[in-house]
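For reference, the chains in residue letters:
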Amino acid sequence: VASIIVFYLLAKELFKNSSARFIATTFYSVMFAVPILEGNIANAENFMALPILAAFYLAILKKNSFLLMALSGMLLSIAFLIKIVALFDFMALIAAIFVLKFSENLFFGKESIKKELKKLISILKQEIILFISFIVPILLTVLFFAVHGAFSDFWRAVLSQNVGYVGHG
């Protein structure tokens, strides 16, 4: 239910037409609920949806806040720790932020190269914040398991067994 609410909030930011928001949210709700895609079990994808949607929502709020970017990165990190494929969502968000900011802010005026470079650095600051806040929880988790002598179990659970089962049997 929480992921459906966050999906609606995200759709509200993306679509100005209320019909489009309701159609998208209804489609998401139905596809998330019916066993056609995921069966009748709670797959990791079900648990990844909420942090990924919340991360995207926070990242597009147009407030350019350090805190919102940091929270977005941490949420994507949590999704990554649930299942490694969230790395693709992280990369998509980084690329989207860069492309959107690049197209909005760079090379459309007759400003000097120095001003354009300052804009580029400003754009990269958000991506750096996102990257650091994505990596830190993962490193802390790795450190926790390493200190407790369970790094090999962590490695198997998060990285090696999490992908290999797809082609199994």
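Report follows, based on the coordinates. (Residues numbered from 1 in each chain as written. Predicted model: local features only at pLDDT ≥ 70, side-chain atom pairs only at ≥ 80, totals over all residues. Heavy atoms only, no water.)

1. Describing the overall build of the protein
Here is step 1: Tallying secondary structure elements over the protein gives eight helices and zero strands in all.
Here is step 2: When the helices and strands of the protein are listed from N to C terminus, the series reads α-α-α-α-α-α-α-α.
Here is step 3: In the protein, buried positions account for 32% of the 169 residues.
Here is step 4: Considering only residue pairs separated by 6 or more positions, the protein has 62% of its internal contacts joining residues 24 or more positions apart.
Here is step 5: Element-wise, carbon and sulfur atoms account for 73% of the exposed surface of the protein, whose accessible area totals about 10800 Å². (Helix = DSSP H or I, 4+ residues; strand = E, 2+ residues; numbered from the N terminus. Buried < 20%, exposed > 50% of the residue type's maximum accessible area, 1.4 Å probe, protein only. Contact = heavy atoms within 4.5 Å. Areas by Shrake-Rupley, 256 points an atom, 1.4 Å probe, with all protein chains shown as cover.)

2. Some remarks on a nonpolar patch on the surface
Here is step 1: The grouping of Leu124, Ile128, Phe131, Ile132, Val136, Leu140, Leu143 and Val147 at the surface amounts to a nonpolar patch, some 740 Å² of accessible area in total.
Here is step 2: Relative to the helices and strands, Leu143 resides in helix H7 (residues 113–147). (Patch = residues over 30% accessible without salt bridge, like charges linked within 9 Å, V, L, I, M, F, W, Y side chains within 5 Å. Salt bridge = Lys/Arg side-chain N within 4 Å of Asp/Glu carboxyl O.)

3. Some remarks on the nonpolar core
Here is step 1: In terms of nonpolar packing, the biggest core is built from 20 residues, with Leu76 and Phe80 touching the most fellow members.
Here is step 2: The set of elements that each furnish at least two residues to this core consists of helix H4 (44–59), helix H5 (66–82), helix H6 (86–105), H7 and helix H8 (151–164).
Here is step 3: No other element matches the five residues that H5 contributes to this core.
Here is step 4: When near neighbours in sequence (up to four residues on either side) are disregarded, Phe80 contacts Ala86, Leu87, Phe134, Ile138, Val158 and Leu159.
Here is step 5: In terms of nonpolar packing, the next biggest core, distinct from the first, is built from twelve residues, Val6, Phe7, Tyr28 and Leu58 among them. (Core = buried A, V, L, I, M, F, W, Y, C linked by side-chain atoms within 4.5 Å.)

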